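# Tertiary structure, described
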Amino acid sequence: MAGFSADPDGVVQRLRDGMASGVLSFPLTSFTEDGDLDPESYRTYLAGRLDTAPGAVFPACGTGEFSALDEDEYRAIVTATVEVADGRMPVVAGTGYGWAQALRFARIAEEAGADALLVLPHYLVEAPEAGLVEQLRRIAAGTRLPLVAYQRGPVAFTPEGLRAVAAVPGVIGLKDGHGDLDRLQRLTLAAPDGFLFFNGAATAEIQARAYATVGVPAYSSAVHAFAPEIAGAFFTALRAGDEATVNKLLRDFYVPLVELRDKVPGYAVSLVKAAARLRGLPVGPVRAPLTDPGPADLSALERILDTGLALVGAARRPAAVIL
């Protein structure tokens with residue numbers, strides 16, 4: 001029996017509904033200028049993201065610098081997210097590393113009240129597909145929370161492997177970060193009915209139309225972390241078939257953002273955090289090994305941000321910001 005078929009808490013249906021109604025939000029984690037976790041600033045920042053009604057919220061994942069958090073910090077972030085979300089949308093916390101460490105984070109997420117887990121790609125080691133499936137099987141066996149697998153980097157499933165993944169009790173879906181649409185089409189065709197898929201490519205809006213053609217219209221949005229006005233306008237235009245608005249936002253905002261992002265490793269997170277700071281949001285710097293952008297790239301980011309905000313009629317400093 002497929003892992004997603006039993007859904008006593010309604011998590012799969014809530015995620016399916018959320019994926020149809022809005023972008024999937026991956027919030028940043030707030031740090032002080034000294035690099036310490038800043039839980040209260042995180043709550044302030046997060047409240048502004050969730051007031052825009054994303055389909056689901058994914059704390060302590062890639063954009064939230066999961067790999068830079070210790071277990072106590074992870075607990076604080078997931079707990080705060082559950083409390084701020086207050087049942088309005090599913091909370092899917094990140095977990096990762098080897099299965100033993102992933103289970104330590106999974107149990108913390110359970111205690112904090114998360115609805116599900118996103119299993120981030122494992123660290124460093126190369127592994128055969130049978131090992132990738134076993135990794136998920138061991139995590140699923142040790143937690144009551146449903147799992148969404150994430151294929152990116154060293155994790156890439158074949159159709160046969162995807163069928164094995166979907167058969168693991170508790171595994172409900174797949175986030176794809178590879179952007180290989182031929183492979184993804186084969187996976188969606190191999191999956192059982194009802195298995196969840198979403199586009200998790202970096203700056204997913206760039207490929208959103210292409211993903212939709214293979215049956216994967218839902219996507220995560222890093223832009224939502226700093227400009228939900230832009231992310232929301234793009235989502236609305238895309239779902240309405242407003243090609244002129246979609247193309248304008250892609251051409252004048254998203255493509256320049258991606259070109260800047262691709263200049264430096266780690267900018268997929270660092271630029272997002274820098275853009276949030278430009279808007280006065282209390283997120284602080286990134287933690288090493290990531291680095292914040294220098295003056296030239298920051299100036300370029302500022303121009304791109306202002307262009308995007310102007311396109312959707314939004315101000316640089318949202319009225320809801322509380323400092």
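Right above here is the structure, for reference.
What you are looking at is a predicted structure, and each value in this text was computed from that prediction instead of being measured. (Residues numbered from 1 in each chain as written. Predicted model: local features only at pLDDT ≥ 70, side-chain atom pairs only at ≥ 80, totals over all residues. Heavy atoms only, no water.)

## Regarding a nonpolar patch on the surface
Together, Tyr-123, Leu-124 and Val-125 make up a nonpolar patch on the protein surface, roughly 380 Å² of accessible area in all. Mapped onto the elements, Val-125 comes out in the loop between β4 (116–119) and α5 (129–141). (Patch = residues over 30% accessible without salt bridge, like charges linked within 9 Å, V, L, I, M, F, W, Y side chains within 5 Å. Areas by Shrake-Rupley, 256 points an atom, 1.4 Å probe, with all protein chains shown as cover. Salt bridge = Lys/Arg side-chain N within 4 Å of Asp/Glu carboxyl O. Helix = DSSP H or I, 4+ residues; strand = E, 2+ residues; numbered from the N terminus.)

## What about the packing of helix α6 (residues 159–166) against helix α7 (residues 181–190)?
Across the interface, α6 lies against α7 with an axial gap of 9 Å and an inter-helix angle of 45°. By the angle class used here, α6 and α7 are oblique. Between α6 and α7 lies a crossing whose hand is right-handed. Taking contact as the criterion, the partners of Pro-159, Leu-162 and Arg-163 in α6 are, on α7, Arg-186, Leu-187 and Ala-190. Residue composition of the contact of α6 with α7, grouped by class: four nonpolar, no polar and two charged. (Axes fitted to C-alpha atoms, helices over the stretch in contact; angles between N-to-C directions. Parallel < 35°, antiparallel > 145°, perpendicular 65-115°, else oblique. Left-handed = near helix turned anticlockwise from the far one by under 90°. Contact = heavy atoms within 4.5 Å. Nonpolar A, V, L, I, M, F, W, Y, C, P; charged D, E, K, R; others polar.)

## Quick word on the pairing of β4
With burial as the criterion, each face of β4 is covered, one bearing Ala-116 and Leu-118 and the other bearing Leu-117 and Val-119. Bridge count between strand β3 (residues 92–95) and β4: four bridges; the pairing is parallel. When the bridges of β4 are listed, Gly-94 appears paired with Leu-118. Viewed along the sheet, the connection from β3 through helix α4 (residues 99–112) into β4 turns out right-handed. As defined by bridge partners, β4 adjoins strand β5 (residues 147–151) across three bridges and the pair is classed as parallel. (Buried < 20%, exposed > 50% of the residue type's maximum accessible area, 1.4 Å probe, protein only. Pairing = 2+ DSSP bridges. Right-handed = clockwise from strand over helix to strand, strands pointing away.)

## A closer look at the packing of helix α11 (residues 267–278) against helix α12 (residues 295–311)
Closest axis-to-axis distance for the α11/α12 pair is 10 Å, and the angle between their directions is 65°. By the angle between their directions, the pair α11 and α12 is classed as roughly perpendicular. The crossing of α11 and α12 is right-handed. Mapping the contact onto sequence places Tyr-267, Leu-271, Ala-274, Ala-275 and Leu-278 in α11 and Asp-297, Leu-298, Leu-301, Glu-302 and Leu-305 in α12. Split into classes, the residues belonging to the contact of α11 with α12 amount to eight nonpolar, no polar and two charged.

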